[in-house]
Structure formats: structure tokens, C-alpha cells
Amino acid sequence: MADRYLNFTGTAPGRFLTRRLGLPQPAPLRRWSAEHPSLDGPLLRLTAGLSALKGLDEALARTGLEPGTERPAAVVLDATGVADVGALAEVHAALHPVVRSVAPGGRIVVLGSAPSATDHHQAAVQQGLEGFVRSLGKEAGRGRTVTLVRLVRTDSAVAAESTLRFLLSPKSAYVSGQVIEVGETAGEPATDPARPLDGRTALVTGAARGIGASVAETLARDGAHVVVLDIPSAQDELAQLAERLGGTALPLDITADDAGERITAALPEGATGLDVLVHNAGITRDRRLANMPAERWSPVLDVNLGAVLRTTDALLSSGTLNRGGAIVATASIAGIAGNVGQTNYAASKAGIIGLVRSLAPRALAEHGVTVNAVAPGFIETRMTAAVPLFIREAGRRMNSLAQGGLPVDVAETTAWFADPGSGSVNGQVVRVCGQSLLGA
Ligand SMILES: NC(=O)c1ccc[n+]([C@@H]2O[C@H](COP(=O)([O-])OP(=O)(O)OC[C@H]3O[C@@H](n4cnc5c(N)ncnc54)[C@H](O)[C@@H]3O)[C@@H](O)[C@H]2O)c1
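Keep in mind that this is a model prediction, so the values were computed, not measured.

Undergrad: Got a minute to help me understand the packing of aromatic side chains in this structure?
TA: The description of two aromatic rings rests on the distance between their centres and on the angle between their planes. A full pass over the atoms with the stated rule returns two aromatic pairs. Ring geometry for Phe 166 versus Trp 416: centroids 4.8 Å apart, planes at 5°, classification stacked. One end of the pair, Phe 166, is in helix H6 (residues 161-167); the other, Trp 416, is in helix H15 (residues 407-418), with 250 residues separating them in the sequence. Pair check on accessibility: Phe 166 and Trp 416 agree, each one buried. On the numbers, 4.6 Å between centres and 25° between planes, the contact of Trp 416 with Phe 417 is stacked. Cluster of aromatic residues (ring-pair linked, three or more members): Phe 166, Trp 416 and Phe 417. The ring of Trp 32 carries Arg 221 above its face, with NZ or CZ at 4.4 Å from the centroid.

Undergrad: Any chance you could explain the environment of Pro 196 here in plain terms?
TA: With respect to the helices, strands and loops of the structure, Pro 196 is situated in the loop between strand S5 (178-182) and strand S6 (201-205). For Pro 196, a relative accessible area of 9% puts it in the buried group. For the pair Pro 196 and Gly 421, spaced 225 residues apart in sequence, the C-alpha to C-alpha distance is 8.0 Å.

Undergrad: I would appreciate a short explanation of a positive patch on the surface in the present structure.
TA: Taken together, Arg 15, Arg 19, Arg 71 and Arg 142 make up a surface patch of like positive charges. Structurally, Arg 15 is set in helix H2 (residues 12-20).

Undergrad: Before we go on, may I ask you to explain the sheet that holds strand S4 (residues 145-151) in this structure?
TA: Backbone-to-backbone hydrogen bonds pair the strands of a sheet. The strands run either parallel or antiparallel. An order of S1-S2-S3-S4-S5 is seen for the five strands of this open sheet, with the pairing classed as parallel. Sheet topology places strand S1 (43-49) and S5 at the edges, where each strand pairs with a single neighbour. Strand-to-strand twist across the sheet, computed as the mean angle between neighbouring axes with direction ignored, equals 20°. Two elements, strand S2 (residues 74-81) and strand S3 (residues 107-113), share five bridges in a ladder whose sense is parallel. Across the sheet, Leu 77 pairs through a bridge with Val 110, a residue of S3. Sitting on the sheet, helix H4 (residues 85-95) is in contact with S1, S2 and S3, with an inclination near 155° to S1.

The rules behind each value
Residues numbered from 1 in each chain as written. Predicted model: local features only at pLDDT ≥ 70, side-chain atom pairs only at ≥ 80, totals over all residues. Heavy atoms only, no water. Phe/Tyr/Trp six-rings, centres within 6.5 Å; stacked < 30°, edge-to-face > 60°. Helix = DSSP H or I, 4+ residues; strand = E, 2+ residues; numbered from the N terminus. Buried < 20%, exposed > 50% of the residue type's maximum accessible area, 1.4 Å probe, protein only. Lys NZ or Arg CZ within 6 Å of the ring centre and 35° of its normal. Patch = residues over 30% accessible without salt bridge, like charges linked within 9 Å, V, L, I, M, F, W, Y side chains within 5 Å. Areas by Shrake-Rupley, 256 points an atom, 1.4 Å probe, with all protein chains shown as cover. Salt bridge = Lys/Arg side-chain N within 4 Å of Asp/Glu carboxyl O. Lys, Arg positive; Asp, Glu negative; His and termini not counted. Charge placed at Lys NZ, Arg CZ, Asp CG, Glu CD. Pairing = 2+ DSSP bridges. Axes fitted to C-alpha atoms, helices over the stretch in contact; angles between N-to-C directions. Contact = heavy atoms within 4.5 Å.

Take a look at the structure:
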């Protein structure tokens, strides 16, 4: 469903009228394309506090952005060494003079460190950065985004490289107001950063349409052989997609008891297991709890959570998931904020967050596999097109970017998690929601 309001505010009379009426001013967001893969403008690097971070300039150089101060498209502030209230003032001093000059659609990335369990002054100000970043995200406007990346290791920027490459590119257009922790384990850097999934196999559930189809397309763009899975009645769309992407179609209801074995059996000849597992299939059966019969409760919990748990367990225990691989599950901001009529859906999506937090450290230690989740906000798909007009309009506008996201925004975030260079990103739940007010 097209966002007509966004199109209207893109015209001169539309801009004039909506400004006069004090209505939201969504800026058109630019997504990644092969012709236009970078942000439009230079990168400005700043520091606050006493930083011990090494290798940041080298990591930033590999984003392809040129250093510069004039109308920066990206500002990276190293605040890893901010450890007391005095040093926090340096954050203000660094960003206050430049924030207005950031190009429309630009990025502000603050690098912080993990709040300390033993130094409450450091913990206070590092937590303070979270409030700072979330507030600046709400103020930034004109399609600018603001993110906090917390480094567990503050002496080397190597582990953060794939995350910086994602955040400082058009691929993260709809990710704002987020806190992302980068752990110690650096992933293997991809041999070809343009095709980090070359030679790898990815499975995407619910891939016949919407977000799943976009995820499959994006992972194929990054070099993966994609196995696209959806219910048997979606077989035709699935076959067309698989053909277009040079992948494999797997018509299968993911709630089948033997789904894990069927997936393993469907892997293409020559594939030595699965490298990327994307749990995207999901359904809604909305009703207020008082009106919700068990028939509307159970399928939602089974598709969105039960099947995710079963297939994850089956593919990990059978050794189908290769070391260096990634599991990406799909939560939702409804699982964070709750939603009227969605006790079933929100329980299933909050369950995904619980799964990620519990399994991630063990899966990495025992299987060498990362486990993360995307939590989409309002994304323009058939699922949200079915939402009644006024609720739909509220969902679209009630975020810092004043518009809905596109399936490709969730797909790009998934591709960043799936990148072998993102081995240091584990146990994260990243909202792709334009900094939605819901659950903020
Ligand atoms: N669209 C949004 O705004 C939004 C917001 C938050 C979360 N999400 C989540 O993102 C995911 C994709 O959403 P979408 O908007 O693309 O939905 P969609 O309804 O357009 O697509 C979902 C796909 O999953 C498939 N599917 C459903 N049950 C299945 C089963 N048992 N086995 C295999 N495939 C099955 C469907 O056939 C469909 O192709 C879902 O998990 C959804 O909950 C979406």
C-alpha cells in the first residue's frame, strides 16, 4: 500500500501546506542500490573523553566514506572513554556545533563502552549516552538517524567494522534510536565485502512475499544460495522467486514436526550444511483476549514461536548449521510494547526475544553460531495493508522518521547479522522501526 502522504509532502505545495498545518514532515529515505551504494557526503570523526580505541580510522576508511567536515553525511563520535560527568560534557561540546550541519539522511553514530559493574560513575555516564542518543534521534529530523554502538572491547575497533559499514550506509535508513552491543569475538572478515555470503547457503522461512521475499533477495545479492520456504499453497510465488534468485524452493509448513529434517534434506547438492537461518514466517490472528478462542491463540504461538524453537533445536543438534553461521529471528515492536488485540502475537514475539537472549551465548560457544533478532516496527507489507486506515496511519507516522519502513530495511538488517564479519554481534535485538514511539 503506497504511502500517499509521504508522496504528497515530497511536492512543493504538499510541503507548504503540511508545514503550515504543523503536520509531520517525513523526508524521503534513500536505500542502497548498486549504482548508489554510499551516503552522500564526507565522514566526520570526533572524540569525547580519553579514548584507548585503536584501529577506528582504518575501520572507517573501509566504509568508503572520505573524511571531511563540510556537511558530513556521517558523524562518528568515539565516546568509549567517557567515564565521568565532566567527560560527558565533551559529548555535548563535540556534537553541539555540528549537529545542524549533518546532511539530510545522514548518520550520527556514537561509540560507547559497556556500563561497568564495578565503576558506577562510568556506568552512569555510559548509560547516559543511551538517553542522549535516543533523544537526539527524535530531534535529528530530515531522515537523519542516530545510533549508539557499545563496544565490549574498548581497545580495538576491529570487531565493530561490519556494524559500522552497515550503519554508515544507506542500508540502515530505517534503523534509528538503537543501542547495539558489539562483543569480543571478531567474525572472519569477508573476502569480498560486496558479496560476504559467497559460497554460503541461507534458508528463509515465509519467503513467498513481503519481508521474507526481500530478505531472500538481499541475501542472494550478497552471494548466498537461498532456500526459500513457505506454505505449499504459496508454491507458485515460491518457485518464481527461487528461479529468479537461482535458489531452491521448499514448499513446507514450518509447523510440521519433521520440518528440521525436511530442511536438511532440501539443501542443494554440494552444500555442506546451512550457514544462515532466517526465521521470518509469521502470522497474526488478532482479537482482544476476552474474545479470543484457543483456535486463534494456538496457531500464532505455534508458527511464530513453537516452530522457531523446534527448527532451531533440530538444525543445531543435527549439526546442519555450520560454524561461523547465523540465526536471525523475527520479533516485533509489539513484542516489546504490547498491542491491543495481540496478546497472542505479542507473547510469541516477546518469546523470540527471550529465545535470542538465552540461546545466543550458548550457541556461539558450542556451535560457533550467532543468534540475533530484528524487531520490525511498521513495515509496508500486505500484513500492515490489512490494518484499518486510522491505526495504519498512526503506525506509519508515530516514529522519528514519520513514515513506515520497507521490507528491504528489515532485509538489510538481517544481511548485516548474517555477514560472517558480524561474529561479534550476538544476542542483539535491533528494532527496524524508524525509532517508533511504541515501546521506546
Ligand atoms: N509487516 C510488519 O509491519 C511487521 C512488523 C513486525 C513484525 N513483522 C514480522 O515480520 C515477518 C514477516 O511479515 P510480513 O509483513 O512480510 O508478513 P506476510 O504475511 O506478508 O508474509 C508472511 C509469510 O509467512 C508465510 N507463512 C505463514 N505461516 C507459515 C507456515 N506455517 N509455514 C511457512 N510459511 C508460513 C506466509 O505464507 C507469508 O508468505 C513476520 O514474522 C511478522 O510477524 C512484520
